[in-house]
Amino acid sequence: MPELRYIKEPGLLFRHDQAVEDPRDGLTLFGPLDEGKPYGIRWGLIGPEDSLQRVERWVSGINRRVVDSEPARYGRKQSPSARGPDLARPPYPGFHAAFEIPWSNKPVQRLTVPEKELAKVAFLDDPHQRVFNTVNAYSERIIDCLRREEARPDVWCVAIPEYVYLNCRQRSYVETSERVKAEARLTRSEAKAIAAAPLLFEEENKLAKPYEYELNFHHQLKARLLSHNAPTQIIRETTIAHRDFLDSKGEPTRKLDGMESAIAWTISTAAFYKSGGRPWKLGAARPGVCYVGLVFKQDEKHRDPRTACCAAQMFLDSGDGVVFKGAVGPWYRGKRGLFHLSREAATEVIRMCIDSYADRFDGEPPDEVFIHGRVRFEDDEWAGFLDGAGGKTRVVGVRIRDDEDLKVFRRSAFPILRGHWFRIGDRMASLWTRGFVPRLRSYPGLEVPNPLFIDVCRGEADIETVVRDVLALTKLNYNSCVFADGAPVTLKFAKAVGEILTAGPLDGTVPPLPFKHYI
Amino acid sequence: MSAIASASSLAPKEHAWELNLARNMLFVSHANPEDNVFTQWLALRLAREGFPVWCDLTKLLGGETFWRDIEKAIRDRTAKLLFVLSRNSNVKDGALNELNLGLGIERRDKLTDFVIPLRIDDLPFGDINIEIRRKNAIDFSQSWATGLAKLLEKLAQDSVPTDPRFTPAAVTQWWQGSHAGNELLVQSQDIHLSNWFPIEALPTAIFVHELGAHATWNGSAWDLDQPAHRIGDHTVSFAPRSDFGELFGHSHQVLLDHALNSHDPALPLTARQFRDSVVHLLRLAWDRAVGQRGLPHKALARRRSASYFSKGLYDTARVSFELPDGFSGSRGLVGHKTVWSAASQRKVRRYWHYGLSADARLFPVSVLILNGHIFFSNDGKTIWDSPKRLHTARRSLGSSWWNDDWRDRLLAAVSWIADGKPHIALPVASSQNILISTTPVSFEASISYRDSFARHAELNEVTFEDTEPAAEQDDEADNGGSVDA
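Residues numbered from 1 in each chain as written. Chains lettered and ligands numbered in written order. Predicted model: local features only at pLDDT ≥ 70, side-chain atom pairs only at ≥ 80, totals over all residues. Heavy atoms only, no water.

Draft legend 1. Here's a closer look at the overall build of chain B. Along its length, chain B carries eleven helices and 21 strands. Over its C-alpha atoms chain B spans a radius of gyration of 36 Å, topping by over 25% the 23 Å that the globule rule assigns to 485 residues. In terms of overall dimensions, chain B has a C-alpha envelope of 115 × 60 × 45 Å along the principal axes. The proportion of buried residues among the 485 residues of chain B is 54%. Contacts in chain B between residues far apart in sequence, at least 24 positions, make up 67% of those at least 6 positions apart. Side chains of chain B carry 52 positive and 59 negative charges; the gap between the two charge centres is 4 Å. (Helix = DSSP H or I, 4+ residues; strand = E, 2+ residues; numbered from the N terminus. Rg over C-alpha atoms; globule rule 2.2 N^0.38 Å. Buried < 20%, exposed > 50% of the residue type's maximum accessible area, 1.4 Å probe, protein only. Contact = heavy atoms within 4.5 Å. Lys, Arg positive; Asp, Glu negative; His and termini not counted. Charge placed at Lys NZ, Arg CZ, Asp CG, Glu CD.)

Draft legend 2. Spatial organisation of the packing of helix H5 (residues 127-148) of chain A against helix H9 (residues 217-225) of chain A. Residues and elements named next belong to chain A. Where H5 contacts H9, the two axes come as close as 10 Å, and the packing angle between them is 35 degrees. By crossing handedness, the relation of H5 to H9 is classed as right-handed. Each of Val131, Phe132, Thr134, Val135, Asn136, Tyr138, Ser139, Glu140, Ile142 and Ile143 in H5 lies in contact with H9, whose residues at this interface are Phe217, Gln220, Leu221, Arg224 and Leu225. Across the contact of H5 with H9, the residue classes tally to nine nonpolar, four polar and two charged. (Axes fitted to C-alpha atoms, helices over the stretch in contact; angles between N-to-C directions. Left-handed = near helix turned anticlockwise from the far one by under 90°. Nonpolar A, V, L, I, M, F, W, Y, C, P; charged D, E, K, R; others polar.)

Draft legend 3. Layout of helix H1 (residues 23-30) of chain A. Along H1(A), eight of the eight residues are buried, which leaves the element largely enclosed by surrounding structure. Buried within H1(A) we find Pro23(A), Arg24(A), Asp25(A), Gly26(A), Leu27(A), Thr28(A), Leu29(A) and Phe30(A). Elements that come into contact with the buried residues of H1(A) comprise strand E2 (12-13), strand E3 (19-20), helix H3 (95-99) and helix H11 (260-274) of chain A together with helix H2 (36-48) and helix H6 (168-178) of chain B. Of the residues one or two after H1(A), Gly31(A) is the one with positive phi, at around 85 degrees.

Draft legend 4. Broad picture of the pattern of salt bridges. Tallied over the entire structure, the rule returns 63 salt bridges over all chains. When the shortest N-O distance is used, the salt bridge between Asp190(B) and Arg410(A) registers 2.9 Å. Remark: Arg410(A) occurs in the loop between strand E14 (408-409) and strand E15 (420-424) and Asp190(B) occurs in strand E6 (residues 185-194); the pair is interchain, linking two chains. Both residues of the pair, Asp190(B) and Arg410(A), belong to the buried class. Salt-bridge contacts for Asp404(B) lead to Arg331(B); the nearest nitrogen and oxygen are separated by 3.9 Å. (Salt bridge = Lys/Arg side-chain N within 4 Å of Asp/Glu carboxyl O.)

Draft legend 5. Just the side chain of Ser194(B), in detail. Mapped onto the secondary structure, Ser194(B) falls in strand E6. Judged by its relative accessible area of 1%, Ser194(B) falls in the buried class. At 3.1 Å, the side chain of Ser194(B) forms a polar contact with the backbone nitrogen of Trp196(B). There is a polar contact of 2.7 Å between the side chain of Ser194(B) and the backbone oxygen of Val441(B). Setting aside residues up to four positions removed in sequence, Ser194(B) forms contacts with Leu406(A), Lys407(A), Val408(A), Phe409(A), Leu410(B), Pro440(B), Val441(B) and Phe443(B). (Polar contact = N/O pair within 3.5 Å; in protein donor to acceptor, adjacent residues only side chain to side chain.)

Draft legend 6. Region of the structure containing the state of the cysteines. All names here are of chain A. For the structure shown, the criterion picks out zero disulfides over all chains. With no disulfide of its own, Cys145 lies closest to Cys157 among cysteine sulfurs, the gap being 14 Å. On the basis of relative accessibility, which here comes to 1%, the residue Cys145 falls in the buried class. (Disulfide = S-S within 2.5 Å.)

Draft legend 7. View of the side chain of Glu368(A). Checked against the element boundaries, Glu368(A) lands in strand E12 (residues 368-373). Excluding residues within four positions of it along the chain, Glu368(A) makes contact with Arg286(A), Gly288(A), Val289(A), Cys290(A), Thr393(A) and Arg394(A).

Set out below in structure tokens:
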């Protein structure tokens, strides 16, 4: 009978050198990893006045314990006692209590985007101008403030009304009656032509600019601030004050009752991290090892459909990674999700990672680099990685994808335990990163959990070590504050990072930047 | 807190000096369960700072046994009684009795600030119990962190001793022993069933056919009498040339083991092509076999298809199954629900259909892989066309199907397709069947967990990604449930 092996839940390390499994427990009991860094949340706040006030009220509120409201069942009835003790929702003790630094509700910079101005651009009928100008309303003010003011926030909270969220996405639709006519507009081909060969007239070039960017407020804002050292935390006002926004039945438009503490945990952790703090790291680090997640994104705006951007995200034992943008080239191979680098590009991207590692460790390169990707590596590409790694560093290529072929079922109503894995020979395994979590007394997912399929497709490594590492790397997501993700941090944000790197014309201008600029 | 009748049984006053020496504990009195979250946090934070602390929620913390006789504990061992003052404790008998006991000791032994109220909510001053109204409460209501800082200052000021048994490590040890869920894990065999169904035996030979000089065939596998897979000019099948009439002009017969495992350049196809073909043939053979049993097909994304149970296919409401080890059950494979249709402004019946898609693998074991699906129709037969509509309904129904729902439907469906027999026969040639066992591969784990206190997560607690690949295309899911828009 095939055997399911078990890996004990990895611990996370907090202050006082103490390790526990759930980040919320660790923060509540011991506080974040680094003492005295940062000294407090030095934050900037930008948005329309109403949204600013909501964020300030919310920040004021999270210094106290946040109590979840009883979820209204909207048509379904369930008594509170039926829910039992809510172990899946560790209580939020207040920002200062959890992170051991204050988060004052007075930001160091407070920039108001006039509601009238925002509403005018966020309802433009031309989608490119709509997103570009809406991002402008925020980014220009932030950039201007950084130029003028000495007090620089460590993180900017970007407060957005719901219409900004709804109208500034890829497939947004603005009701005809609400549309604001753009004064002048270009067709796609006109914009493409100007982008390829700028005209003498500045006005036309300026008009073509919005068409060079992705239709996504989140990605475009982050992309346009990459060179300004201004990490942002975008906050939808309906997330932090959902009861202020009711539908015709008097119910909140977003059903976030019962989610208040989870929201507080998530935004607090992200804000703390983006302010320069490290909330936790792996309890059992392996010295001399680093993990690299490869990022690819097809550049749909380019004439050659093979053109794609590549990047590498490097992580050590914390979620505080660095993103290295690599060369843009014909990496896309036409099949869904298949990207491969040339030998030179592979060398360059891995060399950046190794050099950065060596800078951090007195010039010593890592002993081992694990490259995580969703597809196998080609011979040429792999040779490039080996060239880039140099003679001192062992390189291992690991392919990780969702395993849709294997489902296992316990003989009860509850699924397999997270941490089980099935060894398929010396180089492959299926690992359940999703499954029942004893700490939560629950399986925080739906239906039957799929395992990850892990394949050591290049280089030599013990499969059990690789599996252990992948399980641990599911616990390094600082953009959230949950027990664990299903995917390791090396791959979790690959899509988002790629989209930010291709959200606008960035070629050759992005230095290696901390991961916090991308999430 | 267990109730304490009164403060009448206090120790004689002459023993106060000796008792002071033994008084080294902090006792936290609170309303249980209302103020448990704060109290546990406070006790653990005090322990982390080295203070020996007692409360009913942190028994055995620092190796200190919680006294059964609370009255004696407060009277003989307590240096400070920290009273968690809230709208709850202000009116709760148990907490008030402890408070009165503490105040009695304070008066009798002339102790300064023996009782320290910790105010944690907006209880109005005028409503505060008269006994402690004149005391300076430490305010935790605005921030637990600033309240704790003031309390630690006060304890240092009053020279309350620390105890080396109370350390951050002791807090971790206590937490791991009582809250981390480790007590749910048990060392015992846990047999997991799977969606892998063993292929009893594959044919020993495989054929590679080449089209005859005058033959025409558009390459559709469904046009042929036997499962066949076309690769360029070659067609791979388990059926000999004679099974296809005059279609093929020439054939190679190859031993299957040789085809799959050798890299013999003399063979017309590579080992990898042979392996892909065998998997393809197994899928085709399955689709044909379940089609014969009356299950209609539904096309899926990426050129895959599934077969589903339709209304009237079987007589009973539920289909039973029983595995050789006695594990049994029964489930419905088609069902309906009456829902309100906004389009037609009336109640309509909406059918759900359980379906199966097949795949195969040859390593590490040869198995047919069966995956469950849910489809929807208005009439119990014709599946909706709109993928988006199907996906939305699928997510809604799927959110209430757990481990046992999927497991038992899979076993019931396979049992029905096999007509209760231990094997499903998949014809692959006129005189050859591949037998698929209806007992799935079991996986053995040596660690299990007690799930008597487990509960299913609610939708808004879901943090692991959904199991449906389509969900990955959802913008919100890609953000990992992050609230960063």
